[in-house]
Each structure stands twice: as C-alpha cells, then as structure tokens.
Amino acid sequence: MLKHTIALCLTAAGLVALAPAASAQAPITLSPEESQQLCAEWLPKLTQRTTKLTERINGGPEIRGSVANLKARAEGQRKKGHNDTADRLQKRADKRNGRLPELTAAKQKLDAFAGAHCKAGK
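Visitor: Looking at this structure, I do not really get the overall build of the protein. What am I missing?
Guide: From N to C terminus, the protein includes 5 helices and 0 strands. Taken from N to C terminus, the helices and strands of the protein fall in the order α-α-α-α-α. Counting across all 122 residues of the protein, residues that qualify as buried make up 25%. The long-range fraction of contacts in the protein, counting pairs at least 24 apart against all pairs at least 6 apart in sequence, stands at 63%. Carbon together with sulfur atoms contributes 56% to the accessible area of the protein, which is approximately 8500 Å² in total.

Visitor: I would appreciate a short explanation of the pattern of salt bridges in the present structure.
Guide: One side chain can pair with another of opposite charge once the charged atoms of both are near each other. Evaluation of the coordinates by the stated rule reveals 3 salt bridges. Across the pair Arg78 and Asp87 runs a salt bridge, and its minimum N-O distance is 3.3 Å. Relative accessible area serves as the criterion here: at 36%, Asp87 is assigned to the partly exposed category.

Visitor: Help me understand the nonpolar core in this model?
Guide: Of all hydrophobic cores here, the largest spans 10 residues; its members are Leu53, Ile57, Val67, Leu70, Ala74, Ala86, Leu89, Ala93, Leu100 and Leu103. The residues contacting Ala74, other than those within four sequence positions of it, are Ala86, Leu89 and Gln90. Judged by nonpolar contacts, the second largest core, of 6 residues, contains Leu46, Leu110, Phe113 and Cys118.

Visitor: I'm lost on the environment of Gln108 in this one. Help?
Guide: Tracing the sequence through the fold places Gln108 in helix H5 (residues 100–117). Each C-alpha atom of the pair Gln108 and Thr47 lies 9.3 Å from the other, and the pair is 61 residues apart in sequence.

Visitor: Which parts of the structure should I look at to understand the packing of helix H2 (residues 32–57) against H5?
Guide: Helix-helix packing is described using two parameters, namely the angle between the two axes and the distance between the axes. Two numbers describe how H2 lies on H5: the axes approach to 10 Å, and their chain directions differ by 155°. One way to sum up the angle between H2 and H5 is to call them roughly antiparallel. Between H2 and H5 lies a crossing whose hand is left-handed. Taken together, the residues of H5 that come into contact with H2 (itself represented by Leu38, Cys39, Leu43, Leu46, Thr47, Thr50, Thr51, Leu53, Thr54 and Ile57) are Leu100, Leu103, Ala106, Lys107, Leu110, Asp111, Phe113, Ala114 and His117. Tallied by class, the residues present in the contact of H2 with H5 amount to 12 nonpolar, 5 polar and 2 charged.

Visitor: I tried to follow the side chain of Thr47 on my own but got confused; where do I start?
Guide: Secondary-structure assignment places Thr47 in helix H2. Under the relative-accessibility criterion, Thr47 is labelled buried at 18%. The contacts of Thr47, once residues within four sequence positions are left out, are Lys107, Leu110 and Asp111.

Calculation rules
Residues numbered from 1 in each chain as written. Predicted model: local features only at pLDDT ≥ 70, side-chain atom pairs only at ≥ 80, totals over all residues. Heavy atoms only, no water. Helix = DSSP H or I, 4+ residues; strand = E, 2+ residues; numbered from the N terminus. Buried < 20%, exposed > 50% of the residue type's maximum accessible area, 1.4 Å probe, protein only. Contact = heavy atoms within 4.5 Å. Areas by Shrake-Rupley, 256 points an atom, 1.4 Å probe, with all protein chains shown as cover. Salt bridge = Lys/Arg side-chain N within 4 Å of Asp/Glu carboxyl O. Core = buried A, V, L, I, M, F, W, Y, C linked by side-chain atoms within 4.5 Å. Axes fitted to C-alpha atoms, helices over the stretch in contact; angles between N-to-C directions. Parallel < 35°, antiparallel > 145°, perpendicular 65-115°, else oblique. Left-handed = near helix turned anticlockwise from the far one by under 90°. Nonpolar A, V, L, I, M, F, W, Y, C, P; charged D, E, K, R; others polar.

Take a look at the structure:
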C-alpha cells in the first residue's frame, strides 16, 4: 500500500517535473472543469496523503508502521534470539526511512504545482 501511494504521489508530482521535458511535444491542455477538479479534489488528497505517510513514518514506537515501531520490534525479536526476523524488520525500517526524501520531494512538487496553477480560495 505504501509503495502504491508513493508511486501515485510521485506520478502526480512528476507531471510538473516532466512538463519541460515534454515541451517538444504538444502540451497537455485541460478544460476549466478538469483543471478545477484537479485543483479542488486531487491535489488536496495527494497532499494530505503525503503528509499522513510522513507522519506515520516519523511516528513513535506506538505508531504501527513507523520506523521507530519497526526498530523496536526488531530489537524485541533480537532479544528473543530471532535474528533473521530482526534483520528483516531492520531492513524494512531502513527502507521506509529512505522513503522520506521521496515524500518530501513529492510534497514540494505538489505545492509548487498548486501555487502555479491553482487559484487561491478554491
């Protein structure tokens, strides 16, 4: 689920990054209704999703799915002598922590797109 959400956020945010590269081709034109729907529905949902994922990843040991939770679980497994499970949990924690820069970049791209293409107050 986390992979799909990040991919969706990066894909939507990537529209901004790919716009200069696609300038050799005909630009994509949105109707006013499509533009309004994008600004009113999609961007807030994607922004909220990236914020929630970032909060979850940065959460404490009591937050399921957080890096701290995975590390605590890994330590608990290590104390029980389950080193293979502890190593897997530690790798998951490291990989999840590596997603933070991607989420930050996606949020910045979404904010930049909203600032450039969406009117305030909508």
